[in-house]
Every structure is written in C-alpha cells, then in structure tokens.
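Single-letter residue listing:
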Amino acid sequence: MLENLLAGALEDAKARRELRPYAQLEAAALERPAALDALLALAPADHMKVIAEVKRASPSRGHLAEIPEPHALAAQYEAGGASAVSVLTEERKFKGSLADLEAVRKAVSIPVLRKDFIGDEYQVLEARAAGADLVLLIVAALPQDRLERLHEMIRELGMTPLVEAHSADEVARAVDLGSQLIGVNARDLRTFELDRDLFGRVADQIPAGVVRVAESAVLDVADVERYREAGADAVLVGEALVTGDPIATLQAYLSV
C-alpha cells in the first residue's frame, strides 16, 4: 500500500512539473516569506499540543467529510487552540490538494504541515511555494540516503521536517538524521493495521530535546491521556476532528 501511494504521489508530481518547471517552482518557493517556527509552536508544555488535520478521506476509513472550505475548518482549529494544522495534499486516496494547503496558509497564523507521500525535491519545493512550514517524511517510504537529502533540503528552505516512524528501527533511523521532530504513527502504512501500544514502546528511544508526536489512534480524551502518559508532546489528529465538533474536541484534548 505504501509503495503504491508513494508511486502515485510521484506520478502526480511529475505531471504538475510538466506544467510548472522546476526552476519556476524554485523561484516561487524562494520568494515566500520565511516559514514559521514549528519547533517553537510544538515545544513541550504543561498540556498536550495538537496538530489538527484537514482530512477528507483515507484508504483505511474511506470517506470522512466533505470539507468544501478547508480554510474555514483550519480557522476553527486555530480558534480552538491547535498549535499547527496538517493538510493532506495527496489526491488519489485522501482527496486533498496543494490548493487546500494554499488556502489554509492564508487563513491561519500557526504553522502548516504538508502531509503527503514525499519522495523527491520537486515535492519539497511545492510545499514551500504553497506556504508550508513543515513537511512530512515517512521513513518507511525512503532509503536512508534519499531521506537524508530531503531532510536537509527541507531545513535549507527554512521548514521543519516531521519524520514519521512506524517501528523501533525506523525511530533509530529518524534519530540518526538528527531530527528534532519525530512522529510515531500507530498505523503501519504498509498494512494499515493499528498498534496502539507502539508509541509507548519506542518513546524512550527518542532523545531528550526532540519533540515527540503521537499519530493515529486518537478518537477520544482517553487516547490523548494514554499518549501523554507515554511521553508525547503533541498528537496529530484528523478523523476525530472532521467527524465531530472540532472546537469542543480540541479543547477536550488540550485539557490533558
């Protein structure tokens, strides 16, 4: 599944590149105002921080919400206390777009994450040109040399890489990169199975000073409490927010 998602994302990026050449996109990326400091926004605090996600669908859950105005939802997230907004830009299975990201960037003053299956430099430039402050890198999707190069490029452009792991070995690879923001996803993107205890098993491998993000398997306050007790600084939440009252749900999570 992960290989197919990455291949599809790269194919779609190749098609966009035919319409917008690399040099043109690079110029647009370099003209953007400086990215916001996502590490500061997500730094450990006396409560759980939330990366709130604009998410219409997923391969595991199917259709979740229409979200005709992603910017309006993102504004609600900010009003509800989210520390950052994640925008799914993958088109085929998650029904997102770069246009969603651009609209969200204009609507909020908190950091914005491009969440997609990133595999080449063109996609990184797209993220910056659209106004992203963070870019997701999935360890399982990339060989280490490619992961290192993309991680470096994201930082060179002033953005923050969110490096996502799904196992102890992948956490070790993320640490080896010198990542300052590491996410542990309870959903294995190769099988789409959930392991709710994964974060708790690997959290101690993440060095002090690195922001730890728990991803997936967050449906209620008890899930947030479990992650907080295991050492998470932030949770990334999509489904629970787009299928319920986003502000009330956020405020409940922020009380943990």
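Everything below is about the structure shown above.
This write-up is about the structure you can find in this document. All values reported here derive from a predicted model rather than from experimental measurement.

1. Section: the side chain of Asp116
Turning to step 1, where the next piece is worked out: Residue placement: Asp116 occurs in the loop between strand 5 (112–115) and helix 6 (121–129).
Turning to step 2, where the next piece is worked out: Residue Asp116 is classed as buried on the basis of its relative accessible area of 4%.
Turning to step 3, where the next piece is worked out: Of the polar contacts made by the side chain of Asp116, one reaches the side chain of Thr89; its length is 2.5 Å.
Turning to step 4, where the next piece is worked out: Engagement of the side chain of Asp116 in a polar contact is seen with the backbone nitrogen of Glu90, the distance being 3.3 Å.
Turning to step 5, where the next piece is worked out: When near neighbours in sequence (up to four residues on either side) are disregarded, Asp116 contacts Ala9, Thr89, Glu90, Leu136 and Ile138.

2. A look at unusual backbone geometry
Turning to step 1, where the next piece is worked out: Not every positive phi belongs to a glycine, and Ile67 is a case in point at roughly 50 degrees.
Turning to step 2, where the next piece is worked out: You can see Ile67 is positioned in the loop between strand 3 (62–63) and helix 4 (70–80).
Turning to step 3, where the next piece is worked out: The buried category is assigned to Ile67, whose relative accessible area is 9%.
Turning to step 4, where the next piece is worked out: Of note in this structure, Ser216 is not a glycine but carries a positive phi near 75 degrees.
Turning to step 5, where the next piece is worked out: Inspection of the secondary structure puts Ser216 in the loop between strand 9 (211–215) and helix 10 (221–230).

3. Examining the packing of helix 1 (residues 2–19) against helix 6
Turning to step 1, where the next piece is worked out: Two elements in contact, helix 1 and helix 6, have axes separated by 10 Å at closest approach and are oriented at 70 degrees. Classified by the angle their axes make, helix 1 and helix 6 are roughly perpendicular. In this structure, the crossing between helix 1 and helix 6 has a hand that is left-handed. Across the interface between the two elements, Ala9, Leu10, Ala13, Arg16 and Arg17 from helix 1 touch Tyr122, Gln123 and Glu126 from helix 6.

4. Some details on helix 1
Turning to step 1, where the next piece is worked out: Compared with an ideal rise of 1.5 Å per residue, which puts 18 residues at 26 Å, helix 1 spans 26 Å between its outermost C-alpha atoms and is within 8% of the ideal.
Turning to step 2, where the next piece is worked out: For helix 1, every residue scored as buried is listed here: Leu2, Leu5, Leu6, Gly8, Ala9, Asp12 and Ala13. Relative to the axis of helix 1, the buried residues are bounded by an arc of 160 degrees and lie together on one face. Those residues of helix 1 that are exposed and aimed more than 90 degrees away from the buried face are Glu3, Asn4, Glu11, Lys14 and Glu18.
Turning to step 3, where the next piece is worked out: Against the buried residues of helix 1 lie helix 6 and strand 6 (134–138).

5. Considering the sheet that holds strand 10 (residues 234–237)
Turning to step 1, where the next piece is worked out: One closed barrel accounts for eight strands, arranged 1-4-5-6-7-8-9-10; its pairing is parallel. Recorded for the sheet is a direction-independent mean angle of 25 degrees between the axes of neighbouring strands.
Turning to step 2, where the next piece is worked out: Note: strand 5 against strand 6, two bridges, orientation parallel. From the neighbouring strand, Arg114 faces strand 6, where its bridge partner is Val135.
Turning to step 3, where the next piece is worked out: Across the sheet, helix 12 (residues 246–254) touches strand 1 (49–54) and strand 10, and the angle it forms with strand 1 is around 155 degrees.

6. Notes on the packing of helix 4 against helix 5 (residues 98–107)
Turning to step 1, where the next piece is worked out: In contact at an axis separation of 8 Å, helix 4 and helix 5 are set at 40 degrees when each is read in the N-to-C sense. Considering their axes alone, helix 4 and helix 5 lie oblique with respect to each other. Once helix 4 is placed against helix 5, the crossing between them reads as right-handed. Contacts between helix 4 and helix 5 involve Pro70, His71, Ala74 and Glu78 from the first element and Asp100, Ala103, Val104 and Ala107 from the second.
Turning to step 2, where the next piece is worked out: Taken together, the residues of the contact of helix 4 with helix 5 break down into five nonpolar, one polar and two charged.

7. Structural notes on the packing of aromatic side chains
Aromatic ring pairs are described here by two measures, namely the spacing of the ring centres and the angle between the planes.
Turning to step 1, where the next piece is worked out: Evaluation of the coordinates by the stated rule reveals three aromatic pairs.
Turning to step 2, where the next piece is worked out: Here Tyr22 and Tyr122 contribute two aromatic rings whose centre-to-centre distance is 6.3 Å and whose plane-to-plane angle is 45 degrees, an arrangement assigned as tilted. Of the two residues, Tyr22 is situated in helix 2 (residues 22–31) and Tyr122 in helix 6; the sequence distance between them amounts to 100 residues.
Turning to step 3, where the next piece is worked out: According to the relative accessible area criterion, Tyr122 is buried, its value standing at 2%.
Turning to step 4, where the next piece is worked out: Ring centres of Phe199 and Tyr227 lie 5.7 Å apart, and the angle between their planes is 75 degrees; this geometry places the pair in the edge-to-face category.

Calculation rules
- Residues numbered from 1 in each chain as written.
- Predicted model: local features only at pLDDT ≥ 70, side-chain atom pairs only at ≥ 80, totals over all residues.
- Heavy atoms only, no water.
- Helix = DSSP H or I, 4+ residues; strand = E, 2+ residues; numbered from the N terminus.
- Buried < 20%, exposed > 50% of the residue type's maximum accessible area, 1.4 Å probe, protein only.
- Polar contact = N/O pair within 3.5 Å; in protein donor to acceptor, adjacent residues only side chain to side chain.
- Contact = heavy atoms within 4.5 Å.
- Axes fitted to C-alpha atoms, helices over the stretch in contact; angles between N-to-C directions.
- Parallel < 35°, antiparallel > 145°, perpendicular 65-115°, else oblique.
- Left-handed = near helix turned anticlockwise from the far one by under 90°.
- Expected span 1.5 Å × (residues − 1).
- Arc of directions from axis to C-beta.
- Pairing = 2+ DSSP bridges.
- Nonpolar A, V, L, I, M, F, W, Y, C, P; charged D, E, K, R; others polar.
- Phe/Tyr/Trp six-rings, centres within 6.5 Å; stacked < 30°, edge-to-face > 60°.

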